[in-house]
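Each chain is listed here by its residues.
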Amino acid sequence: GVGMGMTAPVSITAFPAEDGSFQQKVKVSLRIPSQFQDNPPCPTDESIKIEERQGMTIYSMQFGGYAKEADYVSYAAKLKAALGSDAAYRKDFYLCNGYDPPMKPYGRRNEVWFVKE
């Protein structure tokens, strides 16, 4: 019964297919605001789960605009190319993050994250 408002970033876990596109399975994650961290409200929708994300080290690439799936796929490919073959990171998923509300037309921030192994 308590509204928490929107938090940033909205994080989508993408599971890439062989061609780099997203598989049908994605997971959308929202950060629980600080005041609710110790005792988060229980979801009333059973498809919503509360998970604790462990600390991680990431490789990141930032870009602007209204991000679409094709943008995240493109920037994931650019990040992969920039890292080369020596960087050790999870290949089975990556994170797509958006930081801005839909009504913000300029100065938008998006990021692709690879989780370091």
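The following paragraphs examine the structure supplied in this document. As the structure is a computational prediction, the values presented were derived from the model and not from experiment. Note on numbering: residues in each chain are counted from 1, in written sequence order. Local features are withheld for residues below a pLDDT of 70 in this predicted model, meaning they are given only at 70 or higher, and side-chain atom pairs are given and counted only at 80 or more; totals for whole chains, interfaces and linings count all residues. Derived side-chain values reflect all non-hydrogen atoms in the structure, with water molecules and hydrogen atoms excluded from consideration.

1. Section: the packing of aromatic side chains
Next, step 1: Pairing of aromatic rings covers Phe, Tyr and Trp, the last counted by its six-membered ring, and requires centre-to-centre distances within 6.5 Å; plane angles under 30 degrees mean stacked, over 60 mean edge-to-face, and any other angle means tilted. For the structure shown, the criterion picks out 5 aromatic pairs.
Next, step 2: Note on Phe63 and Tyr75: the rings are 4.1 Å apart at their centroids and 5 degrees apart in plane angle, and the pair reads as stacked. Remark: Tyr75 occurs in helix α1 (residues 69-83) and Phe63 occurs in strand β3 (residues 58-63); sequence separation between them is 12 residues.
Next, step 3: Through pairs of rings, three or more aromatic residues link up here, namely Tyr59, Tyr89, Tyr94 and Phe114.
Next, step 4: One cation-aromatic arrangement involves Lys91 over Tyr89; the distance from NZ or CZ to the ring centre is 3.7 Å.
Next, step 5: We note Arg109 situated over the ring of Tyr99; from NZ or CZ to the ring centre the distance is 4.3 Å. For helices the rule is a DSSP run of H or I covering at least 4 residues; for strands it is a run of E covering at least 2, with both sets numbered from the N terminus onward. Whether a charge lies above a ring is judged from NZ of Lys or CZ of Arg, which has to be within 6 Å of the ring centre and within 35 degrees of the ring normal.

2. Structural notes on the nonpolar core
It is characteristic of soluble globular proteins that their nonpolar side chains tend to be buried jointly.
Next, step 1: Here, the term nonpolar core denotes a set of buried Ala, Val, Leu, Ile, Met, Phe, Trp, Tyr and Cys residues that are joined through side-chain atoms within 4.5 Å. Relative accessibility decides the category of a residue: with a 1.4 Å probe and only protein chains considered, values under 20% of the type maximum give buried, values over 50% give exposed, and everything between is partly exposed. Counting 12 residues, the largest nonpolar core is built from Ala14, Phe22, Phe63, Tyr72, Ala76, Leu79, Ala87, Tyr89, Tyr94, Cys96, Val112 and Phe114.
Next, step 2: For this core, the secondary structure elements donating two or more residues are α1, β4 (94-98) and β5 (110-115).
Next, step 3: The contact definition used throughout considers only heavy atoms, calling two residues in contact when any of these lie within 4.5 Å. Dropping the residues within four chain positions of it, Tyr94 is found in contact with Ile12, Thr13, Ala14, Pro16, Gly20, Phe22, Tyr72, Val73, Ala76, Val112, Trp113 and Phe114.
Next, step 4: Among the nonpolar cores identified, the runner-up in size contains 5 residues, and Phe15, Leu95, Trp113 and Val115 belong to it.

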